[in-house]
Amino acid sequence: MTVLEPLPDERALPAQIVDLCNSRWRGEIVARLDDGAGICRIESRPEQLPQLWEWLGRDIGYAFATLIVEESPGTGTLLLYVFYKDAPSPWVYVEVRLDLHARAVPSVSGLVNGPSADWHEREVEDLFGLTFEGHPRLGEFVLHEDWPDGVNPMRRSFDARQRFAPPEPNAKWQPPTIVVAPGSFAMPIGPVFSDFAESAHFLLETVGEDVIHTIPRFFYKYRGMEKIAEGQAVDRVLLLAERFSGTSAFAHAMGFCQAVEAILGIEVPPRARALRMAIAELERLRHHAGAITGICNSTALAVATSQTALIEEDLLRLSCEIARHRYLFGLVSPGGLSYDLSDELCRHLAEAVAGVAVRLGGLDQMLRYSSSFLDRLEEVGIISTEVAVSYGLVGPIARASGIKRDIRKLRPYAAYDAIDFSVPIEQEGDGYARLRVLFREAEQSASIIRQVLMSLPEGEISAGRAAWRAGGALAAVEAPLGAAFHWVRLHEDGTVARYRVTPPSFTNWHGFHLAAENFAFQDFPIILASFGLSNAECDR
Amino acid sequence: MANWVLRGLRTGIRTTAYPQRAELAPGVSPGRPRGAPVTAAQECDALVARCPAGAIMRRENGVAIDYRNCIHCFRCDKAVAGSGVPWDAGYEWAAYPAETDAALRRLERAFGRSLHIRFVDAGACGACMSEARQINNPYYNMHRLGFFITPTPRNADILLVAGPVSDAMRLPLRKTYEAMPTPKRVVAIGVCAISGGVFGPSFASSGGVAGIIPVDVVVPGCPPPPLAILHALLLVAERKPPSSLTGPPPEQTDAAGRS
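Thresholds, definitions, all that
- Residues numbered from 1 in each chain as written.
- Chains lettered and ligands numbered in written order.
- Predicted model: local features only at pLDDT ≥ 70, side-chain atom pairs only at ≥ 80, totals over all residues.
- Helix = DSSP H or I, 4+ residues; strand = E, 2+ residues; numbered from the N terminus.
- Rg over C-alpha atoms; globule rule 2.2 N^0.38 Å.
- Buried ≥ 20, exposed ≤ 12 C-beta atoms within 10 Å, placed from the backbone.
- Contact = placed C-beta atoms within 7 Å.
- Pairing = 2+ DSSP bridges.
- Axes fitted to C-alpha atoms, helices over the stretch in contact; angles between N-to-C directions.
- Nonpolar A, V, L, I, M, F, W, Y, C, P; charged D, E, K, R; others polar.
- Domains from an automatic or database assignment.
- Core = buried A, V, L, I, M, F, W, Y, C linked by C-beta atoms within 7 Å.
- Expected span 1.5 Å × (residues − 1).
- pLDDT = per-residue confidence, 0-100.

Caption draft 1: Geometry of the overall build of chain B. A tally of helices and strands in chain B yields seven helices and ten strands. For chain B, the C-alpha radius of gyration of 19 Å lies close to 18 Å, the compact-globule estimate for 259 residues. Classification of the 259 residues of chain B by burial places 54% in the buried group. Pairs at least 24 residues apart make up 78% of the contacts formed inside chain B by residues separated by at least 6 positions.

Caption draft 2: The sheet that holds strand β10 (residues 246-247) of chain B, seen in detail. All names here are of chain B. Within the open sheet, the three strands sit side by side as β2-β3-β10. Their pairing is antiparallel. The strands lining the two open edges of the sheet, one partner per strand, are β2 (56-59) and β10. Packed on one face of the sheet, helix α2 (residues 41-50) meets β2 and β3 (62-66) and runs near 160° to β2.

Caption draft 3: Here's a closer look at the packing of helix α6 (residues 249-264) of chain A against helix α7 (residues 270-298) of chain A. All names here are of chain A. In the contact formed by α6 and α7, the axes pass within 8 Å of each other and the chain directions differ by 145°. Facing α6, whose interface residues are Phe250, Ala251 and Met254, α7 presents Arg276, Ile279, Ala280 and Glu283. In terms of residue class, the contact of α6 with α7 is built from five nonpolar, no polar and two charged.

Caption draft 4: Structural view of the domain arrangement of chain A. Residue and element names in this part refer to chain A. Assigned domains within chain A: domain 1 (14-133) and domain 2 (230-508). Placing a centre on the C-alpha atoms of domain 1 and another on those of domain 2 gives a separation of 28 Å. Residue assignment for the side of domain 1 that touches domain 2 shows that the elements contributing at least two residues are β3 (63-72), β4 (76-84) and α3 (115-128). For the side of domain 1 that touches domain 2, the leading source of residues is β3, giving six residues.

Caption draft 5: Spatial organisation of the nonpolar core. Counting residues in each nonpolar core, the largest one holds 251 residues, and the members touching the most others are Val161, Ile189, Ala232 and Leu233 of chain B. Broken down by element, this core gets its largest block of residues, 14 residues, from α7 of chain A. Among all residues touching leucine 233 of chain B, those that are not within four sequence positions of it are Leu115, Met142, Phe147 and Ile158 of chain B.

Caption draft 6: Looking closely at α7 of chain A. Residue and element names in this part refer to chain A. Spanning 29 residues, α7 covers 42 Å between terminal C-alpha atoms, matching the ideal 42 Å at 1.5 Å per step. Counting buried residues in α7 gives 26 out of 29 residues, a clear majority hidden from the surface. Immediately beyond the C-terminal end of α7, within one or two residues, lies alanine 300, with a positive phi of roughly 60°.

Caption draft 7: Spotlight on the confidence of the model for chain A. Taken over all residues, the pLDDT of chain A has a mean of 87, while the share at 70 or more is 97%. Within the model, pLDDT remains below 50 along residues 1-10 of chain A, and this stretch shows 16 contacts once partners closer than five positions in the same chain are excluded.

Caption draft 8: A look at the interface of chain B and chain A. With 55 residues of chain B at the interface, the matching set in chain A holds 58 residues. Of all the secondary structure elements, the ones that give two or more residues to the side of chain B that touches chain A are α1 (4-11), β5 (115-121), α4 (127-134) and α5 (170-179) of chain B. In terms of residue count, the dominant contributor to the side of chain B that touches chain A is α4 of chain B (six residues). In terms of residue class, the side of chain B that touches chain A is built from 36 nonpolar, 13 polar and six charged.

Caption draft 9: Summary view of the pairing of β4 of chain A. All names here are of chain A. Sheet topology note: the β3/β4 ladder contains nine bridges and is antiparallel. Its bridge partner being in β4, glutamate 70 is matched across the sheet by leucine 78. Summarising the sheet, β4 and strand β5 (residues 91-98) pair through seven bridges and their orientation is antiparallel. Each residue of the ladder has a partner; that of leucine 79, found in β5, is valine 96. Counting the residues that bridge the hairpin from β4 to β5 gives six residues.

Caption draft 10: Up close: the domain arrangement of chain B. Residues and elements named next belong to chain B. Per the domain assignment, the segments making up chain B are domain 1 (32-90 + 246-251) and domain 2 (102-236). On a C-alpha basis, the centroid separation for the pair domain 1 and domain 2 is 27 Å. On the side of domain 2, seven residues touch domain 1, which itself brings six residues to the contact. Across the side of domain 1 that touches domain 2, the residue classes break down as three nonpolar, two polar and one charged.

Caption draft 11: How the structure looks around the confidence of the model for chain B. All names here are of chain B. Here chain B shows a mean pLDDT of 85. Residues at 70 or above account for 90%. The least confident element of chain B is helix α3 (residues 78-81), whose mean pLDDT is 72; the most confident is strand β7 (residues 158-162), at 94. Scored below 50 in pLDDT, residues 252-259 makes eleven contacts in the model with residues more than four places away or belonging to other chains. What the predictor reports for the complex is a pTM of 0.90 with an ipTM of 0.90.

Caption draft 12: Main features of helix α8 (residues 302-323) of chain A. All names here are of chain A. Given a rise of 1.5 Å per residue, 22 residues ought to cover 32 Å, and the 31 Å separating the end C-alpha atoms of α8 matches this to within 8%. The element α8 is largely enclosed, with a buried count of 18 among its 22 residues. One or two steps after α8, the chain reaches arginine 324, where phi turns positive at roughly 75°.

Dropping the structure here:
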């Protein structure tokens, strides 16, 4: 099997990319290097965007991270297309400025790697009312069809404090269908499920036993969190950051804190950086144990489900003992951690995690020899490497499809550059590959926790607060489900002017329909479980 | 060939003794603050100001806690922040909403102490759902208490709802409720489902389940631990007494009102 290498080995050094850009466009597009922050800023007119997009993605191997929209009163709109690649290549920010009355940008979703921007464009169209010319399918994405046209909640003119109360959803709504064949019918699933499951709607188009394809519909859980955050103090927004996805709370709260720290120029003390890693890996370990439980449950392997559920609950209890809260809420704060962990707690954490790693390893061995279980997972829900590259997928799902993409290695934060760990890769991209990646990553997380606690630096746990200052910064963290990008802009008084999160579930749900094509009906829960994504995180 | 049966037997019984005996294992609950006598008015105001969720209320003889708003941020925790109010361990948090008359909520004997449950995620962050899912794991095992998840609302006695009710979930929530046969009971789990929590009432969500369908039992917590959710189910089946929604300062506390 040939493997596409999405991130080529030849690394564009910070100065090189500026020269490359300036020589290629002969001064028509100007790149400049913001050396301190490691950012290459390229100013682009709207019509130049497609060329730049293709050059960055196809020619120099950059991956698209996120699209940030900033509306400034009186001057117009700024669209910030953010691209990333492994260090020391700089971040690339492509800045497209629109005049006050311009509301259209060319769409890039039809270009090479364009699908990675597809959902971003649809979201911006809904929430900001901008149009992406050439996009085949705008409208009714975040805001469902009952939401009135022309009301765009992320615009400055929209007051979030007013209860907007759109009209009652239309009870007669029917999802559109595509398949036309004798005997074909559509099977709707959700948004309410028969078990404990998050709200989303899946329309399975089928001609009998075989499902031709799946049309997902998300954003049932849109809580407008990014809008609610505006105008609130950092301490208050931190509570929101913890609740994008309760099962990845620490990672997102850390992303938010890192962005605030970058704006204010806070240097986090070494002990806090180390402990942040230990806790983030504890969260990843618990999250993966939960995801493995979900996969075992979807195949109705009852004893394995119980065994992994015991591990998940043990890790929840361990989190509560270490950090007071079972989902690690309230521990991280801008500048470091809210409180220190005693040596005794650290020893307890190290011992408990070592025990869990042994138990997980034993279950891994047993699952490998459970042929009835493997039959359900192998060659089910396949995501090819090409698709994963083109959709810009992240996290365990991308890594199970042969893409070595991990923010902890690409853009090391906390102190991950000082830790010895590997990023497990599988090639097949099926349910079993994703399960193996989860097991290997859980192993690595346990190893990182051990390393961190063996050489835990002494000293302060928080740098305290610096003076408030206006500014914006982007932070990237590897959440349990993959790369999360947190863009924060603060006012001078320390209130949040703009908060934009690109969570891994948003990125990865976009590729889900490609894994749910041409499969037997009974495999649907297995494909869903092997993705293990969070709708709360996606919908925000 | 992996021998799962042997593995299961070797693990033995891990299930909690709750509700016959209290569960004392560490880490089953994050705990929550309790009201405290604070004499200095200034200190009182500082505590009220410190709470980002508006859960600390000033009383004549100290501060009381409104559990409908408390999100366990630990910012008032004496043990963490150095000053503040003491925290209780415990998990029996389920209570009747203030306006409900308990006598009206009594379930008929027809239920036979066994209840079937339907769950709706109405925009929760995922932590409440994760905790609700845990009541099915071997540690908590709700089946032994006669509680079962049902695949259809037509068979459901109890509707568990988490989340502040996002706009798109209003209709599915109402349709699920209407599809359930009477008598039926609604349990709102987590502060989001009670008061909107950090999401509040906003342009995109209703700020709680009660604005959409009638609520019979609430479980405060962010998220409420599995044992608190079990307590709510036992409360609906009248096998456990309710807790209180406020934690007043000690002088006014009656023993039954606190967990």
